[in-house]
Amino acid sequence: MRSLTIEPNTHVVVDYELRDDDGDLLDASEGDSGEPMQYVHGYGMIVPGLEAALAGLKAGDERDVVVPAAAGYGEYDEDLVLEVDRSEFPDPTKIEVGDEFLAESPDGDEMEMNVVEVRDAVVVVDANHPLAGVTLRYHVKVREVRAATAAEVERAAADLDDAHQHVHGPDCDHDHGHGDEPAVLHRREAN
């Protein structure tokens, strides 16, 4: 019997190590809080460059995968470093560098922001993903590949639909939180 390979609608379990260009360990499936990556292939549940590189592998295969920033968490965008009036924060007197907040736009979109500087009247936040602009270096070992259940495929498809619920096209006529309506800020709770 032929081994099942990673293709759309397969459930995949992968052990991994993730390092940056300097070789520093960023995350791993082994260790104190680590666990293997589990996903349904073909639904954008993991970094696009890694998902593409895993296609065709089978249980037991190991591979080193280099994912450029554009195929990972995107390039670093200076436009996502913003100055926000201190008064917009839930507790303006207790803001520190490193605090994380969720900003919710009037249309319900959420964006994570990290405080990078605190000034008298404004707080400088960075809404880039922490790994934006970083080349990701994975070492992966495929632990398991099996046909995804109908429920797993349905859940993956629903998550994909939620992520792409609103496609911003040329006919898009509403504000995306960059206009006059302020976003609602919530302190991000630790998991």
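Our subject is the structure that appears above.
Now for a description of the structure that goes with this document. Model, not experiment: these values are computed from the prediction.

Of the regular secondary structure elements, the chain holds 2 helices and 10 strands. Counting helices and strands in the order they occur from the N terminus, the chain gives β-β-β-α-β-β-β-β-β-β-α-β. Here the chain, with 191 residues, has 32% of them falling under the buried criterion. Considering only residue pairs separated by 6 or more positions, the chain has 68% of its internal contacts joining residues 24 or more positions apart.

With that out of the way, let us pick up the nonpolar core. A general trend in soluble globular proteins is that nonpolar side chains are found buried together. Grouped together as the largest cluster of nonpolar side chains are 21 residues, with contacts concentrated most on Ile-6, Leu-50, Leu-54, Tyr-138 and Val-140. Among the secondary structure elements, those contributing two or more residues to this core are strand S1 (10-19), strand S3 (37-40), helix H1 (48-54), strand S4 (62-67) and strand S9 (136-147). Of all the elements, S9 adds the most residues to this core, at 5 residues. In this structure, Val-84, Ile-95, Phe-101 and Met-113 belong to the second largest nonpolar core, which totals 10 residues.

Within the structure shown, the criterion is met by 1 aromatic pair. Aromatic pair Phe-89 and Phe-101: ring centres 4.9 Å apart, planes at 75°, arrangement edge-to-face. One end of the pair, Phe-89, is in the loop between strand S5 (81-85) and strand S6 (100-104); the other, Phe-101, is in strand S6, with 12 residues separating them in the sequence. Exposure class is identical for Phe-89 and Phe-101. Each is buried.

Cut-offs and rules
- Residues numbered from 1 in each chain as written.
- Predicted model: local features only at pLDDT ≥ 70, side-chain atom pairs only at ≥ 80, totals over all residues.
- Heavy atoms only, no water.
- Helix = DSSP H or I, 4+ residues; strand = E, 2+ residues; numbered from the N terminus.
- Buried < 20%, exposed > 50% of the residue type's maximum accessible area, 1.4 Å probe, protein only.
- Contact = heavy atoms within 4.5 Å.
- Core = buried A, V, L, I, M, F, W, Y, C linked by side-chain atoms within 4.5 Å.
- Phe/Tyr/Trp six-rings, centres within 6.5 Å; stacked < 30°, edge-to-face > 60°.

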